[in-house]
Amino acid sequence: MPGAPERRTFDYARAGTTDLFAALDVATGLVIHAIQPRHRASEFKKFLTYFFYGDRDHLDVHLVCDNYGTHKTPAITKWLTAHPRFHMHFTPTGASWINQVERWFGFITDQLIRRGSHRSVQALEADIRAWAKAWNEDPKPFIWTKTADEILDSIGRLLTRISGAGH
């Protein structure tokens with residue numbers, strides 16, 4: 001219940017894991033996703049191939065990814081070289097907030113996964129698909145509430161504070 005601490009029984013057992021790949025269209029808020037059993041370069045490449053072919057193949061695609069090793073393997077580099085309209089950008093370590101799809105991952109975690117009860121991986125995957133489908137029925141783009149200068153000033157203040165500068 002709201003305001004009550006989360007509880008788990010002593011016999012809680014994890015039923016398994018799955019991996020969710022997602023891409024956010026920052027202009028519309030639409031999310032394309034794929035569920036895979038693992039998070040290797042082969043699954044990432046399959047996701048890129050699945051997602052990025054179709055009616056928009058005349059557009060350049062800018063991929064904003066974290067620094068996970070899967071995104072930087074020779075197989076992915078080779079694929080990107082063969083598909084020059086794709087441009088890979090990496091967020092700095094510890095700055096996942098820059099990548100807007102991470103906000104979407106936060107919503108699905110808070111609203112479905114964290115306190116969810118899934119007796120199997122298949123049940124979890126079915127719930128993820130249903131949640132994503134509901135999101136895409138009325139997608140909303142994320143809107144930055146601060147200007148780039150305000151964000152950079154805030155980061156500068158933080159860096160000064162944590163580095164001990166001026167003390």
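Scroll up a little and you will see the structure.
Just so we're clear, the structure is a prediction, and the values are computed from it rather than from any experiment. (Residues numbered from 1 in each chain as written. Predicted model: local features only at pLDDT ≥ 70, side-chain atom pairs only at ≥ 80, totals over all residues. Heavy atoms only, no water.)

> Got a sec to walk through the environment of Phe 21? Specific residues and values, please.
Relative to the helices and strands, Phe 21 is located in strand S1 (residues 19-24). Excluding residues that lie within four positions of it along the chain, Phe 21 makes contacts with Ile 32, His 33, Ala 34, Gln 36, Arg 38, His 39, Arg 40, Glu 43, Phe 44 and Phe 47. (Helix = DSSP H or I, 4+ residues; strand = E, 2+ residues; numbered from the N terminus. Contact = heavy atoms within 4.5 Å.)

> Quick rundown of the nonpolar core? Include the residues and the values.
Ranked by size, the top nonpolar core spans 16 residues in total, and within it Leu 20, Trp 104, Ile 108 and Ile 128 carry the most contacts. Counting residues per element, the ones that place at least two in this core are S1, strand S2 (31-36), helix H3 (100-113) and helix H4 (121-137). Residues in contact with Ile 128, not counting those within four places in the same chain, are Thr 18, Leu 20, Ile 35, Ile 108, Leu 112 and Ile 113. (Core = buried A, V, L, I, M, F, W, Y, C linked by side-chain atoms within 4.5 Å. Buried < 20%, exposed > 50% of the residue type's maximum accessible area, 1.4 Å probe, protein only.)

> With reference to specific residues and values, describe the pairing of S2.
Of all six residues that make up S2, five are buried, and the element is covered over most of its length. Judged from the six bridges that link them, S1 and S2 form a sheet pairing that is antiparallel. When the bridges of S2 are listed, Phe 21 appears paired with Ala 34. Hairpin geometry of S1 and S2 is characterised by an intervening segment of six residues between the two adjacent antiparallel strands and by a positive phi of about 90° at Gly 29. (Pairing = 2+ DSSP bridges.)

> Provide a residue-level description of the pattern of salt bridges, including the pertinent values.
Tallied over the entire structure, the rule returns four salt bridges. A salt bridge links Arg 40 to Glu 43; the nearest nitrogen and oxygen atoms lie 2.6 Å apart. For Glu 43, a relative accessible area of 5% translates into the label buried. The partner of Asp 110 in a salt bridge is Arg 114, and the shortest N-O contact between them spans 2.5 Å. Accessibility expressed as a relative area gives 44% for Asp 110, which makes it partly exposed. Since its relative accessible area comes to 44%, Arg 114 is described here as partly exposed. (Salt bridge = Lys/Arg side-chain N within 4 Å of Asp/Glu carboxyl O.)

> Tell me about the packing of aromatic side chains, and name the residues and values.
Within the structure shown, the criterion is met by nine aromatic pairs. Aromatic pair Phe 21 and Phe 44: ring centres 6.2 Å apart, planes at 25°, arrangement stacked. Taken together, the positions of Phe 21 in strand S1 and Phe 44 in helix H1 (residues 41-51) put the pair 23 residues apart, joining distant regions of the chain. Taking the relative accessible area as the measure of exposure, Phe 44 reaches 5% and is therefore buried. (Phe/Tyr/Trp six-rings, centres within 6.5 Å; stacked < 30°, edge-to-face > 60°.)

> Could you give an account of a nonpolar patch on the surface, naming the residues involved and the relevant values?
There is a patch of nonpolar side chains on the surface, built from Trp 97, Ile 98, Trp 144, Leu 152, Ile 155, Leu 158, Leu 159 and Ile 162 and spanning about 780 Å² of accessible area. When you line up the elements, Ile 155 lands in helix H5 (residues 148-163). (Patch = residues over 30% accessible without salt bridge, like charges linked within 9 Å, V, L, I, M, F, W, Y side chains within 5 Å. Areas by Shrake-Rupley, 256 points an atom, 1.4 Å probe, with all protein chains shown as cover.)

> Pulling in residues and values, what's your account of H4?
Helix length check: H4, at 17 residues, gives a terminal C-alpha distance of 24 Å against a target of 24 Å (1.5 Å per residue), a fit within 8%. Tucked into the core, H4 has its buried residues touching S1, S2 and H3. (Expected span 1.5 Å × (residues − 1).)

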